[in-house]
Amino acid sequence: MPSYHVLSIEIPYGDAVTAIHPVLIQDDQDLVLVDCGYPGDLKRIEAALAAIGLTGDQLTRLVITHHDYDHMGAAASFKRKYPHLLVATSEGEAPYVSGEQPSARLVQAMDLQRSLPASEQERGLAFIEMLKGMETVPVDESLQNGERLSWGGGCEVIATPGHTPGHISLYLTEQSVLITGDAAVIEGGELVVANPQYTLDLGSAKESLAKLLAYDADAYICYHGGVYSKR
Ligand SMILES: [Zn+2]
């Protein structure tokens, strides 16, 4: 029975708690995890799987929508614990995910650091160190724009560049559900471009958001913000 599950992983953030939303796509053959949290989040995600009666051993694939510390931070620990897990991402993100190239986010943070006021230098440096320390993971499968997969009864890969160059989103055709990654977040009850100040190419990010909205999906699952449904 094809289905999907939206996980809600609570992450302590300073004195507050923030939530991220990896998604599981399930069918008779596959259990696909889409994005996997910050470094150290393996156990949090395992607990969320257990809460719905699933285990990490059942996962067949890990899809990484884009290279970013909050989306693939735990990817290497997943692969170590579950070596059978196939890691999939777009061709554009693969060199960053696998560590062949320094991540665009790191290059951006190092550029920004030079212009930070003295009071923010320390925080900026800590962020750079965190990015440098993030483990990369070998990529097993490369996903193409427009590719149709059998996951969850039908899943289309949509290139949604902007936030990062090779960012992808997934459309579950049977359920009319769009997994946006960071191509859209919910703010004030609307779908908008995520963190414009950290978006690597704002023009393409806006085009990508428009592309997603044109699907007119029944639900949009945002990694940051959860489920958006206008119906
Ligand atoms: Zn994110």
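Caption draft 1: Quick peek at the overall build of the chain. Looking only at helices and strands, the chain features seven helices and 16 strands. A compact globule built from 231 residues would reach a C-alpha radius of gyration of about 17 Å, and the chain, at 17 Å, matches this within 12%. A total of 231 residues make up the chain; the buried ones form 51% of that total. As presented, the chain carries roughly 10,500 Å² of accessible surface, and 52% of it is formed by carbon and sulfur atoms. Here the chain contributes 15 positive and 31 negative side-chain charges, whose respective centroids are spaced 2 Å apart.

Caption draft 2: Structural detail: the pairing of strand E7 (residues 86-90). Buried residues dominate E7, accounting for four of its five residues. Sheet topology places strand E6 (residues 61-63) next to E7; three bridges connect them, and they run parallel. Residue pairing for E7: Leu 62 is matched across the bridge by Val 87. In this structure, E7 lies alongside strand E8 (residues 141-143), joined through three bridges in parallel fashion. Bridge pairing in E8 links Ser 90 to Leu 143.

Caption draft 3: Quick peek at the coordination of the zinc ion. The protein atoms that coordinate the zinc ion are Asp 70 (OD), His 71 (NE2), Asp 182 (OD) and His 224 (NE2), at distances spanning 2.1 to 2.2 Å. Counting along the primary sequence, the residues that act as donors to the zinc ion give the motif D-H-x110-D-x41-H. Of this pair, His 71 sits in helix H2 (residues 69-72) while Asp 182 sits in the loop between strand E12 (177-181) and strand E13 (185-187), and the two are 111 residues apart along the sequence.

Caption draft 4: Examining the packing of helix H5 (residues 104-115) against helix H6 (residues 118-133) more closely. Here H5 crosses H6 at 160°, and the two axes come no closer than 10 Å. Comparing their axes, H6 and H5 come out roughly antiparallel. Considering only the axes of H5 and H6, their crossing is left-handed. Contacts from Arg 105, Leu 106, Ala 109, Met 110 and Gln 113 in H5 reach Gln 121, Gly 124, Leu 125, Phe 127, Ile 128, Leu 131 and Lys 132 in H6. Tallied by class, residues from the contact of H5 with H6 come to seven nonpolar, three polar and two charged.

Caption draft 5: Local environment of the pattern of salt bridges. Counted according to the given criterion, the structure contains ten salt bridges. As a salt-bridge pair, Arg 105 and Asp 68 come within 2.9 Å of each other at their nearest N and O atoms. Linking Arg 105 in helix H5 with Asp 68 in the loop between E6 and H2, this pair joins segments that are 37 residues apart in sequence. Summarising the burial analysis for this pair, Arg 105 and Asp 68 share the class buried.

Caption draft 6: Focus on the side chain of Asp 35. For Asp 35, the position within the fold is in the loop between strand E5 (31-34) and helix H1 (42-51). At 12 Å, Arg 105 is the nearest oppositely charged side chain to Asp 35, a buried residue that forms no salt bridge. A polar contact of 2.7 Å, which involves the side chain of Asp 35, links it to the side chain of Thr 65. Beyond its immediate stretch of four places on either side in the chain, Asp 35 contacts Pro 22, Leu 62, Val 63, Ile 64, Thr 65, His 66, His 71, Gly 181 and Tyr 223.

Caption draft 7: Region of the structure containing H6. Relative to the 22 Å expected for 16 residues at 1.5 Å per residue, H6 spans 23 Å between its end C-alpha atoms, a close match to the ideal helical length. Those residues of H6 that sit buried are Gly 124, Ile 128 and Leu 131. End-on view of H6: buried residues confined to an arc of 60°, all on one side of the axis. Exposed residues pointing more than 90 degrees away from the buried face of H6 are listed as Ser 119, Glu 122, Arg 123 and Gly 133. On the buried face of H6, the contacting elements are H2 and H5.

Caption draft 8: View of the sheet that holds strand E4 (residues 23-26). Ordered by their spatial adjacency, six strands build an open sheet running E1-E4-E5-E6-E7-E8, and the pairing between neighbours is mixed. Each having just a single partner strand, strand E1 (3-6) and E8 make up the two edges of the open sheet. With direction set aside, neighbouring strand axes in the sheet form an average angle of 25°. The sheet contact formed by E1 and E4 spans four bridges and is antiparallel. Bridged to His 5 within E4 is Leu 24.

Cut-offs applied
- Residues numbered from 1 in each chain as written.
- Predicted model: local features only at pLDDT ≥ 70, side-chain atom pairs only at ≥ 80, totals over all residues.
- Heavy atoms only, no water.
- Helix = DSSP H or I, 4+ residues; strand = E, 2+ residues; numbered from the N terminus.
- Rg over C-alpha atoms; globule rule 2.2 N^0.38 Å.
- Buried < 20%, exposed > 50% of the residue type's maximum accessible area, 1.4 Å probe, protein only.
- Areas by Shrake-Rupley, 256 points an atom, 1.4 Å probe, with all protein chains shown as cover.
- Lys, Arg positive; Asp, Glu negative; His and termini not counted.
- Charge placed at Lys NZ, Arg CZ, Asp CG, Glu CD.
- Pairing = 2+ DSSP bridges.
- Donors = N, O, S within 2.8 Å, 3.2 Å for Na, K, Ca; no water.
- Axes fitted to C-alpha atoms, helices over the stretch in contact; angles between N-to-C directions.
- Parallel < 35°, antiparallel > 145°, perpendicular 65-115°, else oblique.
- Left-handed = near helix turned anticlockwise from the far one by under 90°.
- Contact = heavy atoms within 4.5 Å.
- Nonpolar A, V, L, I, M, F, W, Y, C, P; charged D, E, K, R; others polar.
- Salt bridge = Lys/Arg side-chain N within 4 Å of Asp/Glu carboxyl O.
- Polar contact = N/O pair within 3.5 Å; in protein donor to acceptor, adjacent residues only side chain to side chain.
- Expected span 1.5 Å × (residues − 1).
- Arc of directions from axis to C-beta.

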